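This is what each chain is made of:
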Amino acid sequence: MSVKPIPEGYHSITPYLGIKQAVEAIDFYKKAFGAIEVMRLSTPDGGIGHAELRIGDCPIMLGTPCEQGPLRNPDSAQSVGLHLYVTDVDKSFKQAVDAGATVVSEVKDQFYGDRSGSLKDPYGHLWFLATRKEDLTQEQIEQRARELFAQS
């Protein structure tokens with residue numbers, strides 16, 4: 001039996017977050033986004049050496065940053081955002097806020113066909129939550145963008 005180079009259930013890219021409060025973050029992601037904990041490797045000091053969660057059909061990895069590893073908690077400005085498509089963005093957005101997320105931008109209909117909003121989780125990571133409302137062509141999106149920018 002041969003080993004698959006990409007494990008079953010994984011996609012080509014899997015987010016891996018460094019979070020100082022990784023134990024609490026796991027609980028938050030469960031409450032806010034319905035994450036399922038797949039595995040957890042705890043460190044002797046009670047931190048997370050490595051954990052894997054599933055949000056919808058996607059894996060997400062996280063761990064407590066340590067001096068030996070390359071991950072650190074986010075700085076004051078984000079360079080990465082996690083985009084999460086959900087079936088009901090308004091309901092999911094409220095669920096995340098109720099769990100402790102901070103609103104960055106309220107949910108609204110976007111020119112590119114999504115209804116979306118953005119949140120910051122209690123650990124500094126930026127999340128975009130969205131529901132696709134319209135299937136648009138590239139040309140339609142570009143036309144709407146021109147119209148939007150002409151109004152500005």
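All chains use their own residue numbering, which begins from 1 and follows the written sequence. In keeping with the predicted nature of the model, local features appear solely for residues at pLDDT of at least 70, side-chain atom pairs appear and are counted solely at 80 or more, and the whole-chain, interface and lining totals rest on all residues. With hydrogens and water set aside, each side-chain value is computed from the structure's full complement of heavy atoms.

I'd like a description of the overall build of the protein chain, backed by residues and values.
Numbering of helices and strands runs from the N terminus, with a helix taken as a DSSP run of H or I at least four residues long and a strand as a DSSP run of E at least two residues long. Regarding its fold elements, the protein chain presents three helices and eight strands. Ordered by position in the sequence, the α and β elements of the protein chain form the string β-α-β-β-β-β-α-β-β-β-α. Over its C-alpha atoms, taken along the principal directions, the protein chain stretches across nearly 55 × 45 × 30 Å. Working definition: with a 1.4 Å probe on protein chains only, accessible area under 20% of the residue-type maximum means buried, over 50% means exposed, and in between means partly exposed. Buried positions account for 33% of the 152 residues belonging to the protein chain. Long-range pairs, those at least 24 residues apart, make up 53% of the contacts in the protein chain with a sequence separation of at least 6. By element, 54% of the accessible surface of the protein chain is carried by carbon and sulfur atoms, the whole surface being about 9,800 Å². With 16 positive and 21 negative side-chain charges, the protein chain shows a spacing of 2 Å between the two charge centroids. The contact rule is simple, with two residues in contact once any of their heavy atoms fall within 4.5 Å. All accessible-area figures derive from a Shrake-Rupley calculation using a 1.4 Å probe, and residue coverage is judged against the displayed protein chains alone. His residues and chain termini do not enter the charge count, which takes Lys and Arg as positive and Asp and Glu as negative. Note that the charge is assigned to NZ on lysines, CZ on arginines, CG on aspartates and CD on glutamates.

Give me the sheet that holds strand E8 (residues 126-132): which residues, what numbers.
In this analysis, strands are considered paired if DSSP registers two or more bridges between them. Reading across from one edge, E5-E8-E7-E6 is the order of the four strands in this open sheet, with mixed pairing throughout. The open sheet has two free edges, formed respectively by strand E5 (81-85) and strand E6 (102-109), since each of these has just one partner strand. Neighbour-to-neighbour, the strand axes of the sheet open up by a mean angle of 15 degrees, direction not taken into account. Direction of pairing for E5 relative to E8: parallel, over a ladder of five bridges. The residue bridging glycine 81 from the neighbouring strand is leucine 126, located in E8. The strands that helix H2 (residues 89-99) touches are E6, strand E7 (114-120) and E8; relative to E7, the one it contacts most, it runs at about 5 degrees. Axis geometry follows a simple rule: fit a line to the C-alpha atoms, using only the stretch in contact for helices, then measure angles between N-to-C directions, giving values from 0 to 180 degrees.

With reference to specific residues and values, describe the domain arrangement of the protein chain.
The figure often quoted for interface size is the accessible area lost as the parts come together. Each assigned domain of the protein chain is listed with its residue range as follows: domain 1 (1-66) and domain 2 (74-151). Each domain's limits were defined by an automated method or a database of domain assignments. Taking only C-alpha atoms, the centre of domain 1 and the centre of domain 2 are 23 Å apart. Contact with domain 1, which involves 15 residues of that partner, is made by 15 residues of domain 2. Summed over both sides, the interface between domain 1 and domain 2 buries roughly 1,100 Å², with carbon and sulfur atoms accounting for 76% of that surface. Accessible area that two parts lose when put together, evaluated with a 1.4 Å probe and summed over both, is termed the buried area. For domain 1, the biggest contributors to the area lost against domain 2 are Phe28, Ala32 and Phe33; these three give 43% of the whole. What counts as a salt bridge is simple: a side-chain nitrogen of Lys or Arg found within 4 Å of a carboxyl oxygen of Asp or Glu. Here domain 1 and domain 2 share zero salt bridges between them. Within the residue set of the side of domain 1 that touches domain 2, elements represented by two or more residues are strand E1 (16-18) and helix H1 (22-33).

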